[in-house]
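Here is how the chains run, residue by residue.
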Amino acid sequence: MARPRIAALRHLILNRFREQRKIMTTPTDYSDTVTQLRDTVERVCKDFPGEYWRAKDREREYPTEFVQALTDLGLLAALIPEEYGGSGLPLSMGVEILKAIHEFGGNAGACHAQMYTMGTVLRHGNKEQKEMYLPRIATGELRLQAFGVTEPTAGTDTTSITTMAVRNGDQYIVNGQKVWTSRAAQSDLMVLLARTTPKDQIKKRTEGLSVFLIDMQEAKKNGMTIKPIRTMLNHSTNEVFFDNVPIPASSLIGEEGQGLKYILSGMNAERILIAAECIGDARWFIKKATDYACERKVFGRPIGQNQGIQFPIARNFAEMLSANLLVDHAAKLYEQGKPCGTEANLSKMMASEASWNAADVCMQTFGGFGVAEEYDVERKFREARLYRIAPISTNLILSYVAEHELGMPRSY
Ligand SMILES: Cc1cc2nc3c(=O)[nH]c(=O)nc-3n(C[C@H](O)[C@H](O)[C@H](O)COP(=O)(O)OP(=O)(O)OC[C@H]3O[C@@H](n4cnc5c(N)ncnc54)[C@H](O)[C@@H]3O)c2cc1C
């Protein structure tokens, strides 16, 4: 790969975004940036066609080259403020990058965390932590891709996690287990949520949890083990075991015992960004299905001439367009610092349903060829299904809306 050319291109792109921001007066001024971001992402994705993703999928291999190409162009540092070496773009531009990656055939699941997990450090870290880590995350020298929250016995009930970090002088000693810690093997740092006060000693169930930024390379030498979980899609996800792992006390982010609050403060951005990926997927399926419906001739005419084929695709388009409006609306609210829990959650729900419905219709449109690997439909179909479960499942979104928006009694 021609590194100097890419470095020069990165410089050029970042400077262009920065210049544009200086002359912007309203949020709509970002339209040129959106076009440039989409063009840039499309060019990257062209270098990584279906064959690349199929080979990675077959071997369950991490798409290192694709992630490196995005890193080299500064796309994963889009949301890091300029003072720490990023482009300082608003969330809606991260949304556009992720939509485009998925629309043009890529999969950001391998690296989306590099874009937003740093938010925990940015919002709640101290000056030294920000200065030490953010510039190196912006260049890609450090990968902050692992987010250790979910545990096998607690599941969605995060307040029941049992992984313990016990203070011992200028260290904490960590014991416990995480599950579904994606990209742990491809990460230098992990944001870890662990209990610092036993559950029976806390007054409120949301207290007693703390967030740590862990140096994975050090932890691996000192009792942390990573065990990959083979899944139906290529997602590099793992179990992570902590066996008396010492970490410096300086790894604590913010105040001890307030960790759940810090993790929750990043959830809305995460939901919106994942929703963006679903919009990209839905667009990919709709285009794939439409093209095939126009080309494939059966009974002497294109199958797309049949309303039984047209209407489901047109419905997918309607669902994608509506969900997209909600995603953009949620991103705007987030950027304005307004409450957006309901919009962020619902955008993830509606976008994941739009992409899943589009996946199903695309497969149906392809008939038997839908299940053949070479068309990429079956692979994208497997990938699209995940987002109805993770990072939050549909039921939990509905229960959030029932409780917080409609004022119904809490169900758990
Ligand atoms: C591929 C993959 C990658 C992931 N990556 C990460 C990661 O990087 N870091 C991380 O921390 N986690 C990660 N996760 C975990 C993910 O966030 C959880 O799987 C998800 O939140 C659901 O939790 P669970 O699997 O424990 O399901 P459970 O909590 O066991 O729930 C199972 C089912 O029961 C339903 N349910 C549970 N409680 C209720 C209720 N009160 N009312 C109605 N229905 C309910 C749920 O909606 C769900 O459908 C990942 C998961 C997957 C599959």
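Residues numbered from 1 in each chain as written. Predicted model: local features only at pLDDT ≥ 70, side-chain atom pairs only at ≥ 80, totals over all residues.

Q: Quick rundown of the site of the ligand? Include the residues and the values.
A: Around the ligand lies a shell of 23 residues, among which Gly155, Thr156, Trp180, Ser393 and Asn395 are the nearest. Counting only elements with at least two residues in the shell around the ligand, the list comes to β1 (144-148) and α15 (394-405). The element that contributes the greatest number of residues to the shell around the ligand is α15, accounting for 3 residues. Each residue belonging to the shell around the ligand can be placed in one class, and the counts come to 10 nonpolar, 13 polar and no charged. (Near = placed C-beta within 6 Å. Helix = DSSP H or I, 4+ residues; strand = E, 2+ residues; numbered from the N terminus. Nonpolar A, V, L, I, M, F, W, Y, C, P; charged D, E, K, R; others polar.)

Q: Lay out the pairing of strand β4 (residues 189-195) in plain terms, naming residues and giving numbers.
A: Within β4, 7 of the 7 residues are buried, leaving the element largely enclosed by the surrounding structure. Neither face of β4 is left uncovered, since the one carrying Leu189, Val191, Leu193 and Arg195 and the one carrying Met190, Leu192 and Ala194 both have all their residues buried. Alignment of β1 against β4, held across 4 bridges, turns out to be parallel. Along β4, the bridge assignment pairs Leu144 with Leu189. For β4 and strand β5 (residues 209-215), the ladder comprises 7 bridges, and the chain directions are antiparallel. Bridged to Ala194 within β5 is Ser210. (Buried ≥ 20, exposed ≤ 12 C-beta atoms within 10 Å, placed from the backbone. Pairing = 2+ DSSP bridges.)

Q: Tell me about the domain arrangement of the protein, and please be specific about residues and values.
A: We note that the domain assignment places domain 1 (3-116), domain 2 (144-263) and domain 3 (266-405) within the protein. Using C-alpha coordinates to define each centre, domain 2 is positioned 32 Å away from domain 3. Facing 4 residues of domain 2, the contacting portion of domain 3 comprises 6 residues. (Domains from an automatic or database assignment. Contact = placed C-beta atoms within 7 Å.)

Q: An account of the packing of helix α11 (residues 267-295) against helix α13 (residues 341-366) is needed here, citing residue identities and associated values.
A: α13 packs onto α11 with a crossing angle of 20° between their chain directions and a minimal axis gap of 8 Å. Taken as axis vectors, α11 and α13 run roughly parallel relative to one another. Of the two elements, α11 crosses α13, and the hand of that crossing is left-handed. Its residues placed into classes, the contact of α11 with α13 shows 19 nonpolar, 7 polar and 4 charged. (Axes fitted to C-alpha atoms, helices over the stretch in contact; angles between N-to-C directions. Parallel < 35°, antiparallel > 145°, perpendicular 65-115°, else oblique. Left-handed = near helix turned anticlockwise from the far one by under 90°.)

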